[in-house]
Amino acid sequence: MSEPIRMCIICKERSLQINLQRVQVVERQLVVFSKVGRSFYICKACIIKNEKKLVKILNNKCKTNHTNIIEFGKIFKEIGTDG
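About the criteria used
Residues numbered from 1 in each chain as written. Predicted model: local features only at pLDDT ≥ 70, side-chain atom pairs only at ≥ 80, totals over all residues. Heavy atoms only, no water. Helix = DSSP H or I, 4+ residues; strand = E, 2+ residues; numbered from the N terminus. Contact = heavy atoms within 4.5 Å. Pairing = 2+ DSSP bridges. Axes fitted to C-alpha atoms, helices over the stretch in contact; angles between N-to-C directions. Core = buried A, V, L, I, M, F, W, Y, C linked by side-chain atoms within 4.5 Å. Buried < 20%, exposed > 50% of the residue type's maximum accessible area, 1.4 Å probe, protein only. Polar contact = N/O pair within 3.5 Å; in protein donor to acceptor, adjacent residues only side chain to side chain.

Caption draft 1: Layout of the environment of cysteine 8. Within the secondary structure, cysteine 8 sits in the loop between strand 1 (5-7) and strand 2 (14-16). Measuring from C-alpha to C-alpha, the distance between cysteine 8 and leucine 20 comes to 7.3 Å, with 12 residues separating the pair along the chain. Contacts of cysteine 8, omitting those with residues within four sequence positions, involve Glu13, Leu20, Tyr41, Ile42, Cys43 and Cys46.

Caption draft 2: Representation of the sheet that holds strand 3 (residues 20-26) in the model. Spatially, the 3 strands line up as an open sheet ordered 4-3-5, and their pairing is antiparallel. At either end of the open sheet lies a strand with only one pairing partner, and these are strand 4 (29-32) and strand 5 (40-43). Averaged over all pairs of adjacent strands, the angle between their axes in this sheet comes to 45°, without regard to strand direction. Strand direction decides the pairing type here: strand 3 and strand 5, joined by 4 bridges, are antiparallel. Pairing of arginine 22 across the sheet is with tyrosine 41, part of strand 5.

Caption draft 3: The arrangement of the nonpolar core in detail. Core analysis: the largest hydrophobic core is formed by 20 residues, its most contacted members being Leu30, Ile42, Leu54, Leu58 and Phe76. Those elements that place two or more of their residues in this core are strand 3, strand 5, helix 1 (44-49), helix 2 (51-62) and helix 3 (74-82).

Caption draft 4: The arrangement of unusual backbone geometry in detail. For glutamate 27, which is not a glycine, the phi torsion comes out positive at approximately 50°. Its location among the elements puts glutamate 27 in the loop between strand 3 and strand 4. When its relative accessible area of 74% is taken as the criterion, glutamate 27 is described as exposed. Even without being a glycine, lysine 63 presents a positive backbone phi close to 60°. By secondary structure assignment, the location of lysine 63 is in the loop between helix 2 and helix 3. Take lysine 63: its relative accessible area is 57%, and that puts it in the exposed class.

Caption draft 5: Just the side chain of glutamine 24, in detail. Note that glutamine 24 resides in strand 3. Here the side chain of glutamine 24 touches serine 34 through a polar contact of 2.7 Å, landing on its backbone nitrogen. There is a polar contact of 3.0 Å between the side chain of glutamine 24 and the backbone oxygen of valine 36.

Following this line, the structure appears as structure tokens:
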């Protein structure tokens, strides 16, 4: 059986689902997917390399006006320390 393929909302690259970070917006806050509601995927390369584009797209999704990744919450603090 093949593994599910998903697309990063930043770079539009398709990858295996296990290689992407799944997040969702709850009350204008970015959180790890809670298995209920709509969500989207972001690849780790975009989190590390494309900060300006990532912030712009996430501000649009969350309806916020943050200026850097860390302002979106602890999700990116955790990811940033891994890689």
